[in-house]
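Spelled out, the chains give:
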Amino acid sequence: MSESEARLNLTYRPRRLRRTDAIRRLVRETVVRPSNLIHPLFVIDGNGEPEPIASMPGQSRLTIKGLIDECLALRDLGIPGVAIFPKLDSSLKTAEGGGALNPDTLVLRAVRSVKAAVPELAIITDVALDPYTNHGHDGVLTADGQDVANDETVAILCEMAKLNAEAGADFVAPSDMMDGRIGAIRVALDEAGLTDTAIMAYSAKFNSAYYGPFRDAVGSAQAAGTNLLGKQTYQCDPANRRAAIIETELDEAEGADVLMVKPAGAYLDIIRELRQRTSLPVAAYQVSGEYSQIHAAAQLGWLDYKRTRDESLLGIKRAGADMILTYFAKEIAAGK
Ligand code: PBG
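All of these numbers come straight from a predicted model, not from anything done at the bench.

Reading guide: rules and limits
- Residues numbered from 1 in each chain as written.
- Predicted model: local features only at pLDDT ≥ 70, side-chain atom pairs only at ≥ 80, totals over all residues.
- Heavy atoms only, no water.
- Near = heavy atom within 4 Å.
- Polar contact = N/O pair within 3.5 Å; in protein donor to acceptor, adjacent residues only side chain to side chain.
- Areas by Shrake-Rupley, 256 points an atom, 1.4 Å probe, with all protein chains shown as cover.
- Nonpolar A, V, L, I, M, F, W, Y, C, P; charged D, E, K, R; others polar.
- Helix = DSSP H or I, 4+ residues; strand = E, 2+ residues; numbered from the N terminus.
- Contact = heavy atoms within 4.5 Å.
- Expected span 1.5 Å × (residues − 1).
- Buried < 20%, exposed > 50% of the residue type's maximum accessible area, 1.4 Å probe, protein only.
- Arc of directions from axis to C-beta.
- UniProt positions renumbered as here; feature names shortened; annotations may be inferred.
- Lys, Arg positive; Asp, Glu negative; His and termini not counted.
- Salt bridge = Lys/Arg side-chain N within 4 Å of Asp/Glu carboxyl O.
- Core = buried A, V, L, I, M, F, W, Y, C linked by side-chain atoms within 4.5 Å.
- Phe/Tyr/Trp six-rings, centres within 6.5 Å; stacked < 30°, edge-to-face > 60°.
- Lys NZ or Arg CZ within 6 Å of the ring centre and 35° of its normal.
- Axes fitted to C-alpha atoms, helices over the stretch in contact; angles between N-to-C directions.
- Parallel < 35°, antiparallel > 145°, perpendicular 65-115°, else oblique.
- Left-handed = near helix turned anticlockwise from the far one by under 90°.

A. Broad picture of the site of the ligand. The local shell around the ligand holds 18 residues, among which Ser175, Lys205, Arg215, Lys262 and Tyr327 are the closest. A distance of 3.0 Å is found between a nitrogen atom of the ligand and a side-chain nitrogen or oxygen belonging to Asp126. Burial of the ligand by the surrounding chains reaches 100%, relative to a free accessible area of 400 Å². When the residues that make up the shell around the ligand are grouped by side-chain class, the tally is eight nonpolar, three polar and seven charged.

Okay, here's the thing in structure tokens:
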């Protein structure tokens with residue numbers, strides 16, 4: 001059959017717009033820009049060398065000095081924000097997580113130092129007790145040790161948020177999933193005159209297996225399921241879309257400035273729905289396990305590293321995320 005004999009009588013031929021690179025670029029709908037990205041960073045005490053995190057290839061725990069150098073590099077690459085997570089020595093962890101309220105605790109020193117050295121960068125700090133508790137939970141336990149105590153935890157988180165804000169955090173990011181914490185933190189910040197500190201709420205935070213490598217990084221793995229209690233009484237059930245949307249609505253009503261979905265890749269439907277429901281900025285956290293699984297598959301030669309990485313971020317952006325927390329931020333901004 002000749003070409004003209006085979007010709008279909010089609011009005012629409014979508015392939016016309018995929019014919020050349022120039023045309024493909026002209027019609028491209030989604031672009032991931034450095035200014036959309038936030039780099040999560042891990043900080044440790046001391047003056048030693050960076051500690052590579054085995055389960056997160058390319059990521060290390062940095063001393064405060066190393067953190068400052070990394071923040072300068074990220075700023076120069078056009079990354080607007082960093083999320084700073086402390087890894088405390090296990091001797092500093094207790095059942096009550098009181099270290100979180102130590103006015104000189106590691107993360108506060110780190111925030112002050114980064115703010116002074118790189119004032120252009122937006123700093124985000126986690127508000128949750130898991131780096132400070134020896135059981136790895138995000139709050140204090142109930143008397144019988146069988147659950148995390150909501151209201152007692154919220155009272156501590158309010159104090160923690162104030163300390164973070166006073167140290168220079170631009171956003172405090174409650175990642176604990178206690179009920180009512182956004183409203184309580186907003187009031188606490190405002191009463192302390194910290195009205196300019198924004199709240200990035202981990203709103204739809206799911207009880208996810210993808211946090212595994214992060215828990216190695218900050219040493220909070222105990223709560224991940226090795227003890228009697230996982231995080232399923234406070235983090236959202238991965239099966240529940242409507243319950244997650246309720247969390248986002250509550251956080252918005254309580255005064256959140258940015259709503260976050262976490263993890264990102266397995267929850268693109270939630271990102272999409274949230275983008276359509278709210279006028280607030282939507283953040284998505286591409287978490288440690290999402291990062292590490294791409295590295296692992298690429299190391300095995302089963303996936304193309306860069307194409308998979310880029311596709312994972314495009315999917316998150318296309319779903320509707322305005323900003324993405326990702327461990328890939330630096331290399332993406334560097335065009336690698
Ligand atoms: C802790 C917190 C977690 C992450 C960010 N903040 C882990 C958890 O809830 O156990 C995970 C981030 C990642 O996996 O990259 N509140």
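B. Structural view of the environment of Pro80. Secondary-structure assignment places Pro80 in the loop between helix 3 (64–76) and strand 4 (81–86). Between the C-alpha atoms of Pro80 and Gln293, which are 213 residues apart in sequence, the distance is 26 Å. Those residues in contact with Pro80, other than ones at most four positions away along the chain, are Pro34, Ser35, Leu37, Glu120, Leu121 and Ala122.

C. Local environment of helix 8 (residues 241–254). Between its first and last C-alpha atoms helix 8 spans 20 Å; for 14 residues at 1.5 Å apiece the expected length is 20 Å, and the two agree. Those residues of helix 8 that fall on the buried side of the exposure criterion are Ala244, Ile245, Glu247, Thr248 and Asp251. Projected down its long axis, helix 8 carries its buried residues within an arc of 150°, all on one side. Facing away from the buried side of helix 8, by more than 90 degrees, are the exposed residues Arg242 and Ala253. Directly after helix 8, the chain includes Gly255, whose backbone phi takes a positive value near 110°.

D. Main features of the UniProt feature "active site" (unreviewed entry) in the protein. UniProt records the feature "active site" (unreviewed entry) at Lys205 and Lys262, using the numbering of this structure. In sequence the annotated residues extend across 58 residues, while in space they remain close, none of their C-alpha pairs exceeding 4.9 Å. Looking at the secondary structure, you find Lys205 in strand 7 (residues 198–205). For Lys205, a relative accessible area of 5% puts it in the buried group. Sequence-distant contacts of Lys205, that is, excluding residues within four places in its chain, are made with Asp138, Ser175, Met177, Tyr211, Gln235, Cys236 and Lys262. A polar atom in the side chain of Lys205 sits 3.0 Å from the backbone oxygen of Ser175. For Lys262, the position within the fold is in strand 8 (residues 258–262). The contact partners of Lys262, leaving out residues within four places of it in the chain, are Tyr202, Ala204, Lys205, Phe206, Tyr211, Tyr285 and Val287.

E. Main features of the side chain of Asp130. Along the chain, the position of Asp130 falls in the loop between strand 5 (122–127) and helix 5 (150–167). One buried charged side chain, Asp130, makes no salt bridge at all; its nearest oppositely charged neighbour is Lys231, positioned 4.4 Å away. Residues in contact with Asp130, not counting those within four places in the same chain, are Gly136, His137, Asp138, Phe214, Ser220 and Lys231.

F. Representation of the pattern of salt bridges within the structure. All chains considered together, the criterion is met by 21 salt bridges. Here Asp138 makes a salt bridge to Lys231, at a shortest N to O gap of 2.5 Å. Linking Asp138 in the loop between strand 5 and helix 5 with Lys231 in the loop between helix 7 (212–218) and helix 8, this pair joins segments that are 93 residues apart in sequence. Taken as a pair, Asp138 and Lys231 share a single burial class, namely buried. Among the charged side chains, a network of salt bridges with common partners joins Arg241, Glu249, Glu273 and Arg277.

G. Representation of the side chain of Gln235 in the model. By secondary structure assignment, the location of Gln235 is in the loop between helix 7 and helix 8. With sequence-adjacent residues up to four places away left out, Gln235 is seen in contact with Asp138, Met177, Lys205, Phe206, Asn207, Ser208, Tyr211 and Arg215.

H. Expanded view of the nonpolar core. Phe42, Leu67, Ile84, Ile185, Met200, Ile271 and Tyr285 are the most contacted members of the largest nonpolar core, which has 101 residues in total. Sequence-distant contacts of Ile84, defined by excluding residues within four places in its chain, comprise Leu41, Val43, Leu67, Val107, Ala110, Val111, Val114, Ile123, Ile124, Thr125 and Asp126.

I. Up close: the packing of aromatic side chains. The full count for this structure, using the stated rule, is ten aromatic pairs. Measuring from ring centre to ring centre gives 6.1 Å for Phe42 and Tyr327, while their planes differ by 10°; the resulting arrangement is stacked. With a gap of 285 residues between them, Phe42 in strand 1 (residues 37–43) and Tyr327 in the loop between strand 10 (323–326) and helix 12 (329–333) connect regions that are remote in the sequence. Comparing Phe42 with Tyr327, the two get one shared label, buried. Here a set of aromatic residues connected by ring pairs shows up, and it is made of Phe42, Phe85, Tyr202, Phe214, Tyr285, Tyr291, Tyr305, Tyr327 and Phe328. Above the ring of Tyr211, the side-chain terminus of Lys262 is found at 4.6 Å from the ring centroid. Stacked on the ring of Tyr285, the Lys or Arg Lys262 has its end atom at 4.9 Å from the ring centre.

J. Broad picture of the packing of helix 10 (residues 288–299) against helix 11 (residues 305–319). The contact between helix 10 and helix 11 brings their axes to 9 Å, and the two run at 160°. Here helix 10 lies roughly antiparallel to helix 11, going by the angle between them. Viewed along their axes, helix 10 and helix 11 form a crossing whose handedness is right-handed. Contacts between helix 10 and helix 11 involve Ile294, His295 and Ala298 from the former and Tyr305, Thr308, Arg309 and Ser312 from the latter. Each residue belonging to the contact of helix 10 with helix 11 can be placed in one class, and the counts come to three nonpolar, three polar and one charged.

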